[in-house]
Amino acid sequence: MKIIERGEGTPFVFLHSGVGSAGEWREVFSLWPEECRLIAVDAYRDGEFPSATKRRTLDDYADQVHAVVEHVGGPVHLIGFSWGGATALHAAITTPEIVASLTVVEPEAYSLLKTEYAAEFAEITELRDRWREHVGADRWYEAFEEFVDFYNGPGSFARWPSDRRDAFLDAQRARGDLWDVLFDAPLTPDTLRTVARPAHVVEGSATSAVDHAICDAVRRYVPDVRHSVIEGAGHMMPLTHPAELTRTLAAAPATRRGSGRASHLRDSRGRDARAG
């Protein structure tokens, strides 16, 4: 597996979104307090994507967290964004001994919406079905134009440089259809009640109704949980609001206990910037 690693000290492991890469955490890493060991997992890169003959589950992605724990030699502070947030929840539920603390940034745990959030579940199900209809007709641009615009606002995908769009679509064709990994995930109110580590839920004030509902469900059922809102942020806050997100993540109680330096951040040019 591929990881990006920086620094020494208390280990923090970062998991990216389903259509992204470890690079989503680049700005957050540049701002994070010193004296921490930061590890971003690049999930199933370099051709190791799901194939038609093997359907992956969250267990496969949680296995990558287990590998990092073996690499660092002990429990880690686990931070998961979007798809990575669902993976982080699953890892904390199934193997709590590897997790020192848990942070989820708008985890895409669609299975949590099935019973009590009917409107939001219908909205994301309809997006999935339209995506599949486009892909079935080899309309990859249309599939991801709607997907990206759902999470970033109307017209977002069209504003990307053409070479970036082309590279992104090539990567998504290789990934294939991964929707069911999240729709069929074993994440339920009952499993969330078993989370035995301190948890932190982070969401953007301007995110979708779907993501607000998922964050609400996690907050309702995880026993020991705190909640933070990034004002003005949508779903892609590691890219759009890295400074605000870093301050929020690094100021969490579990983080302060781990590093002792969380109140003193650096800006992207290496200068000190007081968190607050």
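What you are looking at is a predicted structure, and each value in this text was computed from that prediction instead of being measured.

## With respect to the overall build of the protein chain
Within the protein chain, the secondary structure is distributed over 13 helices and 9 strands. When each of the 276 residues of the protein chain is scored for burial, the buried share is 54%. Partitioning the contacts of the protein chain with sequence separation of at least 6, the portion at a separation of at least 24 is 72%.

## A short note on the side chain of Asp42
Looking at where Asp42 falls in the secondary structure, it is placed in strand E3 (residues 36–42). Among the polar contacts listed, one links the side chain of Asp42 to the backbone nitrogen of Ala22, at a separation of 2.7 Å. When neighbours within four sequence positions are excluded, Asp42 is seen to be in contact with Lys2, His16, Ser21, Ala22 and Gln64.

## Observations concerning the packing of aromatic side chains
Remark: the centre distance and the inter-plane angle together describe each pair of aromatic rings, the angle taken between the planes. Following the criterion strictly, the structure yields 23 aromatic pairs and no others. Between Trp131 and Phe144 the ring centres are 5.7 Å apart and the planes differ by 90°, which places this aromatic pair in the edge-to-face class. Taken together, the residues span a long stretch of sequence, with Trp131 in helix H4 (residues 118–136) and Phe144 in helix H5 (residues 140–152) at a distance of 13 residues. When its relative accessible area of 5% is taken as the criterion, Trp131 is described as buried. Between the NZ or CZ atom of Arg164 and the centre of the ring of Trp160, over which it lies, the distance is 3.8 Å.

## Considering helix H3 (residues 83–94)
In a regular helix each residue adds 1.5 Å, so 12 residues correspond to 16 Å; H3 covers 17 Å between its end C-alpha atoms and thus fits that length. Across the 12 residues that make up H3, a large majority, 11, are buried. For H3, the complete set of buried residues consists of Trp83, Gly84, Gly85, Ala86, Thr87, Ala88, Leu89, His90, Ala91, Ala92 and Ile93.

## Description of the pairing of strand E2 (residues 10–15)
Burial analysis of E2 places 6 of its 6 residues in the buried class, which makes it a mostly covered element. Of the two faces of E2, the one lined by Thr10, Phe12 and Phe14 and the one lined by Pro11, Val13 and Leu15 are each fully buried. Bridge count for E2 against E3 is 6 bridges, and the pairing is parallel. By the bridge assignment for E3, Pro11 is matched with Arg37. For the handedness criterion, the β-α-β arrangement of E2, helix H1 (residues 26–31) and E3 is classed as right-handed. Pairing of E2 with strand E4 (residues 76–81) involves 4 bridges; the strand directions are parallel. Paired with Val13 across the strands is Leu78, a residue of E4.

## Topic: the confidence of the model for the protein chain
Close inspection of predicted coordinates is inappropriate for parts of the model with low pLDDT. Overall, the predicted model of the protein chain reaches an average pLDDT of 87, with 87% of residues at or above 70. The low-confidence segment residues 46–53 (pLDDT under 50) makes 11 contacts with residues lying over four places distant or belonging to another chain. Every residue in residues 256–276 scores below 50 in pLDDT, and together they form 50 contacts with partners more than four places removed in sequence or on other chains.

## Details of the pattern of salt bridges
Following the criterion strictly, the structure yields 9 salt bridges and no others. Measuring nitrogen to oxygen at the nearest pair gives 3.8 Å for the salt bridge that ties Asp42 to Lys2. Of this pair, Asp42 sits in strand E3 while Lys2 sits in strand E1 (residues 2–6); the two residues are 40 residues apart in sequence, bridging distant segments of the chain. On the basis of relative accessible area, Asp42 is assigned to the buried category, the value being 5%. For Arg132, the salt bridge goes to Asp180, with nearest N and O atoms at 3.0 Å. Of this pair, Arg132 sits in helix H4 while Asp180 sits in helix H8 (residues 179–183), and the two are 48 residues apart along the sequence.

About the thresholds
- Residues numbered from 1 in each chain as written.
- Predicted model: local features only at pLDDT ≥ 70, side-chain atom pairs only at ≥ 80, totals over all residues.
- Heavy atoms only, no water.
- Helix = DSSP H or I, 4+ residues; strand = E, 2+ residues; numbered from the N terminus.
- Buried < 20%, exposed > 50% of the residue type's maximum accessible area, 1.4 Å probe, protein only.
- Contact = heavy atoms within 4.5 Å.
- Polar contact = N/O pair within 3.5 Å; in protein donor to acceptor, adjacent residues only side chain to side chain.
- Phe/Tyr/Trp six-rings, centres within 6.5 Å; stacked < 30°, edge-to-face > 60°.
- Lys NZ or Arg CZ within 6 Å of the ring centre and 35° of its normal.
- Expected span 1.5 Å × (residues − 1).
- Pairing = 2+ DSSP bridges.
- Right-handed = clockwise from strand over helix to strand, strands pointing away.
- pLDDT = per-residue confidence, 0-100.
- Salt bridge = Lys/Arg side-chain N within 4 Å of Asp/Glu carboxyl O.

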